[in-house]
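So you can see what is in the structure, the chains are spelled out below.
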Amino acid sequence: SIGFSIQRGDKILRGVSGDVALPGDHIRFSYSSERVAQFALLRASHDRAVVDFPRATTTVPLPAARDAALALDVEFDKRAGAERVFGLFCEAPLEVEPVRAALQKEGDLPDLPGCSVDTVTLQKKLQ
């Protein structure tokens, strides 16, 4: 599963799907897995999709862990709307760019045999 925390000024809040993110908030994502998995984290809004993790062309292996922080700190842009975050946990390495491209074009992930997906949603507001 994936999780996140929101840093707003000097406060750090544990996030749950559906929480509100404001301009300037910093989001720290985490993962939990009972076994080693090939992993990637993607985000999609109404007009774009990005790969936040890894900064590589394929998924990367992550060890089994509980609430392990990813080496990633996201500051959301100043556009309001829903942002969906997808954590991919795969059995084998997977090229992430075709997944990102399909997500941007279709608005959803393609079928990913050998992968499980966890999704959270953030609502971006302009204050």
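This text follows the structure it describes.
These remarks concern the structure in this document. (Residues numbered from 1 in each chain as written. Predicted model: local features only at pLDDT ≥ 70, side-chain atom pairs only at ≥ 80, totals over all residues. Heavy atoms only, no water.)

Position of Lys-125 relative to the elements: it lies in the segment after strand E10 (115–124). The class for Lys-125 is partly exposed, based on a relative accessible area of 45%. Placed 96 residues apart in sequence, Lys-125 and Phe-29 show a C-alpha to C-alpha distance of 19 Å. Here Lys-125 is in contact with Val-20, Ala-21, Leu-22 and Pro-23, once residues within four sequence places are set aside. (Helix = DSSP H or I, 4+ residues; strand = E, 2+ residues; numbered from the N terminus. Buried < 20%, exposed > 50% of the residue type's maximum accessible area, 1.4 Å probe, protein only. Contact = heavy atoms within 4.5 Å.)

With that settled, the discussion passes to the pattern of salt bridges. Any two side chains of opposite charge can pair, given that their charged atoms come close. The tally for this structure, following the rule as stated, stands at 7 salt bridges. A salt bridge links Arg-8 to Asp-25, with the nearest nitrogen and oxygen atoms 2.7 Å apart. Of the two residues, Arg-8 is situated in strand E1 (residues 2–8) and Asp-25 in the loop between strand E3 (20–21) and strand E4 (26–33); the sequence distance between them amounts to 17 residues. The exposure class of Asp-25 is buried, given its relative accessible area of 3%. Of the charged contacts, one joins Glu-83 and Lys-124 as a salt bridge, the two residues approaching to 3.0 Å between their closest N and O atoms. Of this pair, Glu-83 sits in strand E9 (residues 81–90) while Lys-124 sits in strand E10, and the two are 41 residues apart along the sequence. Its relative accessible area of 5% is what places Lys-124 among the buried residues. (Salt bridge = Lys/Arg side-chain N within 4 Å of Asp/Glu carboxyl O.)

Scope: geometric values only; no functional claims are made or implied.
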